[in-house]
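Residues per chain are reported as follows:
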Amino acid sequence: MDFELTSEQKAAHQEFRMFVDQEIMPYSDQFDEAQAMPAEVVEKMAKAGYLAAVVPKAHGGLEMDATTFGLLCHEIGRGSASLLSLLTVHGMVCQAILKWGSAEHKTHWLPKLATGEAIGAFGLTEPNIGSDARNIETRVAPTEDGNYRLTGHKQWISFAQVANLFLIIAQCEDKPTAFLVERKTEGFSTEPMSGLLGFRSAMLAKIHMDECLIPASNMIGRIGFGFTHVAGTALDHGRYCIAWGCVGMGQGCLDSSLHYSGTREQFGKFLKDHQLIQQMTADMLTQIKAARLLCLHAGTLKDKGDPSLIMETSIAKYFASNMVQKVAEQAVQIHGANGCSTAYPVQRYYRDAKIMEIIEGSNQMQQMIIAKYGYQNFMTASRQTAN
Ligand SMILES: Cc1cc2nc3c(=O)[nH]c(=O)nc-3n(C[C@H](O)[C@H](O)[C@H](O)COP(=O)(O)OP(=O)(O)OC[C@H]3O[C@@H](n4cnc5c(N)ncnc54)[C@H](O)[C@@H]3O)c2cc1C
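Thresholds, definitions, all that
- Residues numbered from 1 in each chain as written.
- Predicted model: local features only at pLDDT ≥ 70, side-chain atom pairs only at ≥ 80, totals over all residues.
- Heavy atoms only, no water.
- Helix = DSSP H or I, 4+ residues; strand = E, 2+ residues; numbered from the N terminus.
- Rg over C-alpha atoms; globule rule 2.2 N^0.38 Å.
- Buried < 20%, exposed > 50% of the residue type's maximum accessible area, 1.4 Å probe, protein only.
- Contact = heavy atoms within 4.5 Å.
- Phe/Tyr/Trp six-rings, centres within 6.5 Å; stacked < 30°, edge-to-face > 60°.
- Lys NZ or Arg CZ within 6 Å of the ring centre and 35° of its normal.
- 1 Å grid on protein atoms, 1.4 Å probe; cavity = no way out; pocket = protein on both sides within 12 Å on 5 of 7 lines; lining within 4 Å.
- Points joined across faces, edges and corners; volume = space filled by probe spheres on them.
- Nonpolar A, V, L, I, M, F, W, Y, C, P; charged D, E, K, R; others polar.
- Expected span 1.5 Å × (residues − 1).
- Bend = angle between axes of the 7 residues up to and from the residue.
- Near = heavy atom within 4 Å.
- Polar contact = N/O pair within 3.5 Å; in protein donor to acceptor, adjacent residues only side chain to side chain.
- Areas by Shrake-Rupley, 256 points an atom, 1.4 Å probe, with all protein chains shown as cover.
- Domains from an automatic or database assignment.
- Salt bridge = Lys/Arg side-chain N within 4 Å of Asp/Glu carboxyl O.

A.B. asks: Give a description of the overall build of the chain that names residues and reports values.
C.D. replies: Check the secondary structure of the chain and you find 11 helices and 10 strands. Since a compact globule built from 387 residues should have a radius of gyration of about 21 Å, the 21 Å found for the chain is in line with a globular shape. Counting across all 387 residues of the chain, residues that qualify as buried make up 52%. By sequence separation, contacts in the chain at least 24 residues apart represent 74% of the contacts at least 6 residues apart.

A.B. asks: Which residues make up the packing of aromatic side chains, and what values go with them?
C.D. replies: Pairs of aromatic rings are described using the distance from one ring centre to the other and the angle between the two planes. The tally for this structure, following the rule as stated, stands at six aromatic pairs. Judged by centre distance (5.0 Å) and plane angle (85 degrees), the ring pair of Phe 19 and Tyr 50 falls under edge-to-face. Of this pair, Phe 19 sits in helix H1 (residues 7-24) while Tyr 50 is found in the loop between helix H3 (39-47) and helix H4 (66-79), placing the two residues 31 residues apart along the sequence. Like Phe 19, the residue Tyr 50 is buried in the burial classification. The rings of Phe 16, Phe 19 and Tyr 50 are connected pair by pair, giving a single aromatic cluster. The ring centre of Tyr 349 lies 5.3 Å from the NZ or CZ of Arg 348, which sits over that ring.

A.B. asks: Tell me what's going on with empty space enclosed by the protein, and back it up with residues and numbers.
C.D. replies: Taken as a whole, this structure holds one cavity of 30 Å³ or more when the rule is applied. Contributing to the lining of the largest cavity are Tyr 50, Leu 51, Ala 53, Val 54, Phe 69, Leu 87, His 90, Gly 91 and Cys 94. For the lining of the largest cavity, the element with the highest residue contribution is helix H5 (residues 81-100), accounting for four residues. The residue inventory of the lining of the largest cavity, partitioned by class, reads seven nonpolar, two polar and no charged.

A.B. asks: Kindly report on helix H7 (residues 226-261), identifying the contributing residues and their values.
C.D. replies: Between its first and last C-alpha, H7 extends 49 Å over 36 residues, near the 52 Å set by a 1.5 Å rise per residue. For H7, the principal kink sits at Gly 232 and spans about 40 degrees. Of all 36 residues making up H7, 30 are buried, and the element is well covered by its neighbours.

A.B. asks: Break down the site of the ligand for me, with residues and values.
C.D. replies: Thr 125, Ser 131, Trp 156, Ser 362 and Gln 364 are the nearest of the 18 residues found near the ligand. Residue Phe 122 places a main-chain N or O atom 2.8 Å away from a nitrogen atom belonging to the ligand. Contacts to the ligand include Ser 362, whose side-chain N or O atom sits 2.5 Å from an oxygen atom. Within the complex, 64% of the 970 Å² of free accessible area of the ligand lies under protein. Those elements giving two or more residues to the shell around the ligand turn out to be strand E3 (148-157) and helix H11 (363-386). Per-element tally for the shell around the ligand: the top contributor is H11, with three residues. Shared between two domains, the shell around the ligand holds at least three residues of each, these being domain 2 (121-224) and domain 3 (227-374).

A.B. asks: Describe the side chain of Thr 313, listing the residues and the values that go with them.
C.D. replies: Summarising the element assignment, Thr 313 is placed in helix H9 (residues 309-335). In contact with Thr 313, not counting residues within four places along its chain, are Asp 236, Arg 239, Tyr 240, Ala 298 and Lys 302.

A.B. asks: Can you tell me about the pattern of salt bridges, naming the residues and giving the values?
C.D. replies: The final tally for this structure, using the stated rule, is 12 salt bridges. In this structure, the salt-bridge partner of Arg 139 is Asp 174, at a minimum N-O distance of 3.0 Å. Taken as a pair, Arg 139 in strand E2 (residues 139-142) and Asp 174 in the loop between strand E4 (165-172) and strand E5 (175-182) lie far apart in primary sequence, 35 residues in all. Arg 139 gets classed as partly exposed once you look at its relative accessible area, which sits at 39%. Judged by relative accessible area, Asp 174 falls into the exposed class, the value being 61%. Notably, a salt bridge pairs Lys 302 with Asp 236, separated by 2.8 Å at the nearest N-O pair.

Okay, here's the thing in structure tokens:
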């Protein structure tokens, strides 16, 4: 497979890099310190068209190809993992509407999501339910006039402090089902979460829903499609964003480490000239490159609509999140005490990297999915050999 970028993709990557270097990198630690993403940054993302990245042109979006979108996630991830999570969850809502929404959902919501007039958030996780997502406890009950009453609690929802459109997964007739829920709905409230290890400016919140009246037309897909189909589509998109974001974060770790080890001297020579530092640098570079190739592979499959794209995206997310955790750890090590200070970005990458192994399906969940795929392939190959 050829992963050479086209001239358009290279130009787009350059534009994303400049945006991040000018608008994000200098301020990321301030965002984290304030535990908030400034509204102007979200506006700048919208103005640049980045919130419209995956929305079709017919609905006012940029309709980026998967590789170009991956490069955007790479750069935003390099700038701020918290901001990457906005791009991720907003895109998850767009993708769910695009694939499973009605014509009305698409014409009403996609143009608003594309301009940033609507900010989307993804509400699956609950206080008692994380990985075991099929067993969520939030419920809808039918009303006499054919609508629904929604009751339950969500937790750890990125950008729920500011989003105004929520994709909520709830049990309907004891089957996970997806609904679009607007912030203005009576009985809907959010409670900010703070004191997090990473994603400090991702404006996480708990969501409380108390007998919220939801029009039946707000259901996305059918009853029982909530987890397998709607959340499945959203999470596939989420994993793709996170995988690429991890590569960007890894690159940020490497850039900072190369600069630092080329300027800091110990024992009469630059750190970069000590072989043990070279070993870490070589490992970082190799691991980042491998993760980037897995992401490019997943992106190429996405653009082709190849069915193996879902598994390859899981593999890319699993590898890239493991990679960035190790790379960020090595980057802090190379920076020594300075790596523990906000004077350098590696402390933030280190904190955010751990989150990448937990979100969009934890790495244990990815391991289970990937192992099952491996066994299936093995059994198929064995049967073919036997015949
Ligand atoms: C910063 C941040 C942002 C987030 N944003 C969102 C969001 O926007 N929307 C949303 O819906 N959720 C969000 N989440 C929640 C996230 O998706 C969950 O944390 C994740 O699904 C794991 O669930 P859990 O934390 O409840 O862990 P649990 O499911 O309780 O698992 C705990 C540990 O046990 C492991 N484990 C669980 N089951 C098994 C098993 N069968 N075999 C082996 N190991 C197992 C897990 O891998 C994990 O390591 C966010 C979380 C964080 C930290």
